[in-house]
Amino acid sequence: MKKPNLYRVIGTLSAVLILAFVVTKSQRSVRAAPPPEGGIAGTVKLEGTAPHQRPIDMSKEPACAAVHKANPVTTENVVAGADGGLKNVVVYISEGWSGSPEAATSTPTWDQKGCQYIPHVMGLDVNQHFKVTNSDPTSHNIHPMPKPGGPNHEWNKSQPSGAPPIDAVWGSEEVAIHVKCNIHPWMSGYMVVVKGPYGVSDDSGSFKIENVPPGNYTLTAWQETLGTQTQKITLAAGKPSTASFTFKAK
Amino acid sequence: MHDVSAHAAHHTPPQGFLRKYVFSVDHKVIGKQYYGLGLLAVMIGMALSWLMRIHLVWPNFAIPGLQWLSSAGAPGGVITPEYYLQLMTMHGTLMVFFVLTNVPFAGFGNFFLPIQIGAEDMAFPRFNMMSFWVTFVGFCVLVAAFFVGDGPPLSGWTAYAPLSALPGTGPGQAMGQTLWAISIAVFCIGQLLGSLNFITTTLDLRTKGMTLMRMPLCTWAWFITSCIGLLAFAVLLPACILLILDRVAGTSFFVPSNLVVSDQLVNHSGGSPLLWQHLFWFFGHPEVYIAILPAAGIVSHILVNSYRRPLLSHKAIIYCMMGIGFLSYMVWGHHMFLSGMNPFSALVFSFPTLVITIPATILVLIWIGSLYGSNLQINSASLFALGFISMFVSGGVSGFFLAQPAIDVYLHGTYFVVGHFHMVMGVAAIFGMFAGTYFWAPKMFGRMMNETLGKIHFWGTFVGTYCIFMPFHYLGLVGNVRRYSAFVDDYLAPLMPVHRFITIAALATGAVQLIFVYNLAYSRFKGKPAPENPWQGTSLEWATSSPPPWDNFGGKLPVVYHDPYQYGIEGSSGDYVMQNSPEQIQTAREDKKLI
Amino acid sequence: MGKLVAVTLILIAIGSAIPILAHIWVPPADISTHGYQIDEQMSDTMVEAGICFLAAQIILAVFIWMFSDRKPGTKINAFPGGAKGLVIGAFLLVGTEVLALGFFGTKAWATIYFTPPAADAMSIQVQAGQFAFYFRYPGPDGKFGPLHPEKINEANQNIFGLDVDNDPASKDDIVTAEMGVPVNKEVRLLMHAKDVGHSFYVRELRIQQDFVPGLDLQLHFTATKVGRYEIVCTQLCGLGHYNMKAYLNVMSQPDYDAWIKQQATMQ
């Protein structure tokens, strides 16, 4: 028997390794297309016509009334796009999440602009810090009203124009905490405090929940007037998941 | 009325630091304690007013250090709208209760009433000590409100329900408001004890020869004030208790049904906010006379001494003070013209309010008329006493407007009202206190105050307070609403220059007060030793040493032979005759030709 | 020093009077039918108060000038007539003056409170709540639907707590954030408070009235001049008190009709 040529062996092995490397890498870049690995995506739709949203007259605050002169604003309890996409729905994992509450690294901002809360609905993790800012020329007062007697405490703070951001945090889950401004009674928003990852639907009703390890979960979708809906979902390793919800207009 | 004196409870001279200076039953020490408490309260109250005025004209100004008092109320040192109202509430409460009721009445009254009637002490010395310490506890409870939860209440010193009865109506309305109500209730108890003491002492402990008509005018003022106070505080105390019950015990004295606060239906029914207003103002109006009458009495007492001639009519002053005291109970509804009570009652309350002008005018006319032909002596005390007359007139004439319901329709709730009550209470009554201090410091502390500093203090305060408070009336005429933490309405923007002028005047006048505090503190320890009678006065406080011994007269109570205020006497060994002087001189009062 | 006090006092008295005499800070022009009575009452009172103020301060100043720093040994005198003249003078002059003011002032008060509005006055309901005023018009049926406080939901703009689905009278009610009224038309204002005490104040209309929780109160007025005016809250109601206001728009009848029609579409 002839002795194996060492150089030929190394060359073949390298070629195989390089081929494997290339193939694996291209596979990964294929998976990078949305939805991301370990994520849940979907849409929330509204079936039926959205209830009439009333126009808001801000004349008692001329600075804000002027901002909306060209585009009048309305109440935002049910915001649906032309194709039925439902905005401001918070989708979160209500069962099956066993990881420690996600160490949320971002500090979202709750802004007061044009005498409205931007965003109207904000998702938060327990113990995730958020910042309240006032971008208006008038003073606002932020008054979150968690459940009376519950673990989260009500607070009520004024924030004059140009004041530094207020840093705040919620210590317990609560779906959801209504926020209002006493000075401008039409201002209304919600903070949804959950454990684990969450997503909030946008103008087209699409939402994304990232960083979900494989497993079986129950997803809950919450809308401020239409209530909640649940769905069971199984997330397999390496495979993205989708979930969609449909709310019926009351 | 008999003039045989009963004896105050005999007590031996106090031993030990605590008994001498802290838990003392000696009315002189208690009087000084009240004065000291009032001084502390007025400095806090004045500082609060600076914060308020600065915020109104420079809303984004960061007050260095304020964030450590309240991180929620003043983040970064910038005052929030609620904190402004909280500071305002504490300013009013401290000033009306702990300064204006404490100093001219409890402070000077405690020190001088027994001496001026020739007694060793008050009728109930231990009650007296208790009344001070109860008041002190009330003060501590009130100040504690700065440091709890959301901070002090924001409902004003008037604490109208349901704002004050429902914890959810704003920051500070939970723990802070409850502490406020407790503090005021405790204060009422202290005042009731004090009033009982004053009345009993005046009626029972006058020395031989001291008939009621021979009492000095300030004594009369303290006596009348304590009668008013007994009835007034007796109504405020239950009102505060009912308020506390509404807040913590689920009762609904002041809260009706169907209210919605913070998006929730309030669980109360059957109460009336107007009931709180009636109870509060039934106390509140006599309270403002409790604030001014002692000052008026003190000023009368000092003016006579400065004029070196008796007032045109001693009796008229007494009867006018009595008349004002009596009428003060009939006018409380003038605070409620627009409150929704029966509009006919507005006319009923307006009538005695207008009639009160008459005795008040008589007082002013007698003060000014007695100045005619007198030999006016100018010193710090008399300067402030004369300033009182000017301020009393200025504050009083704005009352003409507010007493008429139709005019009140326009002026209610504006700076016109704020100008009115600050002129009478915040300036005139304070002038009375300053006059009393300069006049009586030699007697109280045995040392003279510095006259030059006193005169500088007068000039700065006299001109300064006019600069601060006269413009309030102009703002009110334009309709500038009060109790606003910021002026954002369209019609208020052009008034900002006036507000800036006021703020600068307030800060400057406040700075001048530091001269007074320095003078008081320095003189207390380093002033020239005072003689027994530095102002050649005639009343009994000048018939004993400066300061008086522990039992006021060294064991031998004086006997009174003359009316007070025997000044301008022909043929006497000076231009005055002391009350206890046995000189059988035809005195001015008894000589019908002079009066 | 006495002379310096006297001069200062006179300067202060005259200085205080100058802004009044020069009409620098005055109430805004009256746009109501009853306001002229209040304005007359205020002028009369200003004259009397002004005379009393100036007389007292100036005489006090003059006396301080005359009788301070006197040579030692100067004889003291009494005011001519003594106390008697002053007391009687006070009673007569001041007494008559204040009672006259009070008596003649009742007319203005009676016009506001004792005169009921005309039967065809238009009704507008106003609700005061922390920290805004909202208004309700009865709509074509002329009837206000019942209020259900438990249904109040500001986020949904159900300010008054109406139950439009079950109360037919509420269906055509028009809720607005500004108060529109036609000029020269009497308005009957029906006032109630949602939470704590508030007050309704329009300077130009010369009206002011508290809102008392638990009470339904009424006010009536007629606005005589077209324009945009501020309604401000004058009863301390909480942290937003300074920013509690609404606009009153007094319009011509055609403008008002167009406005109310447009508001009806925004319900």
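Look up: the structure comes first, before these words.
Residues numbered from 1 in each chain as written. Chains lettered and ligands numbered in written order. Predicted model: local features only at pLDDT ≥ 70, side-chain atom pairs only at ≥ 80, totals over all residues. Heavy atoms only, no water.

Novice: Quick one: what's the story with the nonpolar core, residue by residue and with numbers?
Specialist: Among the nonpolar cores identified, the biggest contains 320 residues, and Phe-133, Met-179 and Phe-200 of chain C are the most heavily contacted of them. When residues of this core are assigned to their parent elements, the largest contribution, 21 residues, is made by helix α4 (residues 81-116) of chain B. Counting residues in each nonpolar core, the second largest holds 21 residues, with Val-89, Tyr-217, Leu-219 and Ile-233 of chain A among its members. (Core = buried A, V, L, I, M, F, W, Y, C linked by side-chain atoms within 4.5 Å. Buried < 20%, exposed > 50% of the residue type's maximum accessible area, 1.4 Å probe, protein only. Helix = DSSP H or I, 4+ residues; strand = E, 2+ residues; numbered from the N terminus.)

Novice: Report on the interface of chain C and chain B, specifying residues and quantitative values.
Specialist: Contacts between the two partners involve 94 residues from chain C and, on the opposite side, 98 residues from chain B. The largest per-residue losses of area from chain C upon contact with chain B belong to Trp-25, Trp-109 and Tyr-242 of chain C, which jointly make up 10% of the total buried on that side. Across the chain C-chain B interface, the total number found is 2 salt bridges. If you look at where chain C meets chain B, you find 22 residue pairs in polar contact (both at pLDDT 80 or more). Only α1 (2-21), α2 (35-67), α3 (82-113), β7 (207-211), β9 (227-232) and β10 (245-251) of chain C provide two or more residues apiece to the side of chain C that touches chain B. Sort the elements by how many residues they give to the side of chain C that touches chain B and α3 of chain C lands first, with 19 residues. In the side of chain C that touches chain B, the residues fall into 57 nonpolar, 24 polar and 13 charged. (Contact = heavy atoms within 4.5 Å. Buried area = accessible area lost by both parts, 1.4 Å probe. Salt bridge = Lys/Arg side-chain N within 4 Å of Asp/Glu carboxyl O. Polar contact = N/O pair within 3.5 Å; in protein donor to acceptor, adjacent residues only side chain to side chain. Nonpolar A, V, L, I, M, F, W, Y, C, P; charged D, E, K, R; others polar.)

Novice: Before we move on, can you summarise the sheet that holds strand β15 (residues 227-235) of chain A with the specific residues and values?
Specialist: All names here are of chain A. Taken in spatial order, the 4 strands of this open sheet run β12-β2-β14-β15, and their pairing is antiparallel. Because the sheet does not close on itself, it has two edges, and the strands there are β12 (198-200) and β15. With strand direction ignored, the average angle separating the axes of adjacent strands in the sheet is 30°. In terms of strand pairing, strand β14 (residues 215-223) meets β15 through 9 bridges, oriented antiparallel. (Pairing = 2+ DSSP bridges. Axes fitted to C-alpha atoms, helices over the stretch in contact; angles between N-to-C directions.)

Novice: Got a sec to walk through a nonpolar patch on the surface? Specific residues and values, please.
Specialist: All names here are of chain C. On the surface, a cluster of nonpolar side chains totalling about 450 Å² of accessible area is made up of Val-7, Leu-11, Val-62, Trp-65 and Met-66. Taken together, the elements giving at least two residues each to the nonpolar patch come down to α1 and α2. Take the nonpolar patch: its biggest share by element is 3 residues, from α2. Here Met-66 shows up in helix α2. (Patch = residues over 30% accessible without salt bridge, like charges linked within 9 Å, V, L, I, M, F, W, Y side chains within 5 Å. Areas by Shrake-Rupley, 256 points an atom, 1.4 Å probe, with all protein chains shown as cover.)

Novice: Outline the environment of Leu-492 of chain B, supporting the account with residue identities and numerical values.
Specialist: Residue and element names in this part refer to chain B. Note on placement: Leu-492 falls in the loop between α15 (451-478) and α16 (496-526). Under the relative-accessibility criterion, Leu-492 is labelled buried at 0%. Taking the C-alpha atoms as reference points, Leu-492 and Ala-381, separated by 111 residues in sequence, lie 40 Å from one another. Leaving out residues up to four positions away in the same chain, Leu-492 has contacts with Asn-480, Tyr-484 and Phe-487.

Novice: Tell me about the pairing of strand β1 (residues 40-47) of chain A, and name the residues and values.
Specialist: Residues and elements named next belong to chain A. Relative to strand β13 (residues 206-209), β1 runs antiparallel, the two sharing 4 bridges. Note that in β13 the partner of Ile-40 across the bridge is Ile-209. Both β1 and strand β16 (residues 241-242) contribute to a ladder of 2 bridges, which runs parallel. Bridge assignment links Ile-40 to a residue of β16, and that residue is Ser-241. Both β1 and strand β17 (residues 245-248) contribute to a ladder of 4 bridges, which runs parallel.

Novice: Can you break down the interface of chain B and chain A residue by residue, with the values?
Specialist: Of the residues lining the interface, 9 residues belong to chain B; the matching set on chain A comes to 12 residues. Put simply, chain B and chain A have 1 salt bridge between them. Here the side of chain B that touches chain A is composed, by residue class, of 3 nonpolar, 4 polar and 2 charged.

Novice: Account for the packing of aromatic side chains, with residues named and values stated.
Specialist: According to the stated counting rule, one finds 71 aromatic pairs over all chains in the structure shown. Between Phe-384 of chain B and Phe-458 of chain B the ring centres are 5.4 Å apart and the planes differ by 90°, which places this aromatic pair in the edge-to-face class. Placement of the pair is Phe-384 of chain B in helix α12 (residues 380-402) and Phe-458 of chain B in helix α15, with a sequence separation of 74 residues. The same class applies to Phe-384 of chain B as to Phe-458 of chain B, namely buried. Site record: aromatic cluster; members linked through ring pairs are Phe-97, Phe-98, Phe-139, Trp-157, Phe-187, Phe-233, Phe-253, Phe-254, Trp-276, Phe-280, Trp-281 and Phe-283 of chain B. One Lys or Arg, Arg-203 of chain C, reaches over the ring of Tyr-491 of chain B and ends 3.9 Å from the middle of that ring. (Phe/Tyr/Trp six-rings, centres within 6.5 Å; stacked < 30°, edge-to-face > 60°. Lys NZ or Arg CZ within 6 Å of the ring centre and 35° of its normal.)

Novice: So, the packing of helix α5 (residues 125-144) of chain B against helix α6 (residues 175-204) of chain B: which residues are in play, and what are the values?
Specialist: Residues and elements named next belong to chain B. At a minimum axis distance of 8 Å, the contact between α5 and α6 shows a crossing angle of 165°. It follows from the interaxial angle that α5 and α6 lie roughly antiparallel. When the axes of α5 and α6 are compared, the crossing they make is left-handed. Residue-level contacts link Phe-127, Asn-128, Met-130, Ser-131, Val-134, Thr-135, Val-137, Gly-138, Val-141, Leu-142 and Ala-144 of α5 to Leu-179, Trp-180, Ile-182, Ser-183, Val-186, Phe-187, Ile-189, Gly-190, Gln-191, Leu-193, Gly-194 and Asn-197 of α6. Tallied by class, residues from the contact of α5 with α6 come to 14 nonpolar, 9 polar and no charged. (Parallel < 35°, antiparallel > 145°, perpendicular 65-115°, else oblique. Left-handed = near helix turned anticlockwise from the far one by under 90°.)

Novice: I'd like a rundown of α6 of chain B, residues and numbers included.
Specialist: The terminal C-alpha atoms of α6 of chain B, which comprises 30 residues, lie 44 Å apart, in line with the 44 Å expected from a rise of 1.5 Å per residue. Of all 30 residues that make up α6 of chain B, 23 are buried, and the element is covered over most of its length. (Expected span 1.5 Å × (residues − 1).)

Novice: Can you break down the pattern of salt bridges residue by residue, with the values?
Specialist: Two side chains bearing opposite charge may form a pair once their charged atoms approach each other closely. Residue and element names in this part refer to chain C. For the coordinates displayed, the defined rule picks out 17 salt bridges over all chains. Lys-245 serves as the salt-bridge partner of Glu-230, at 3.1 Å between the closest nitrogen and oxygen. Of the two residues, Glu-230 sits in strand β9 while Lys-245 sits in strand β10, which places them 15 residues apart along the sequence. Residue Glu-230 is classed as buried on the basis of its relative accessible area, which comes to 10%.

Novice: Which residues make up helix α7 (residues 217-248) of chain B, and what values go with them?
Specialist: Residues and elements named next belong to chain B. The end-to-end C-alpha distance of α7 is 45 Å, a good match for the 46 Å that 32 residues give at a rise of 1.5 Å each. Along α7, the sharpest change in direction is near 25° and occurs at Gly-229. Within α7, 23 of the 32 residues are buried, which leaves it mostly tucked inside the rest of the structure. Where α7 ends, the next residue or the one after it, Gly-250, has phi of about 75°, a positive value. (Bend = angle between axes of the 7 residues up to and from the residue.)

Novice: Give a description of the state of the cysteines that names residues and reports values.
Specialist: Here the structure, examined in full by the defined rule, presents 1 disulfide over all chains. A sulfur-sulfur separation of 2.1 Å characterises the disulfide bridge that pairs Cys-64 of chain A with Cys-115 of chain A. Across the S-S bond of Cys-64 of chain A and Cys-115 of chain A the torsion is about 70°, and the bridge reads as right-handed. With Cys-64 of chain A in helix α2 (residues 62-67) and Cys-115 of chain A in the loop between β3 (109-113) and β4 (116-118), this residue pair connects regions lying 51 residues apart in the sequence. In this structure Cys-115 of chain A comes out as buried when scored by relative accessible area, which is 0%. Not engaged in a disulfide, the cysteine Cys-240 of chain B finds its nearest cysteine sulfur in Cys-188 of chain B; these two sulfurs lie 5.4 Å apart. (Disulfide = S-S within 2.5 Å.)

Distances and angles like these do not, on their own, reveal function.
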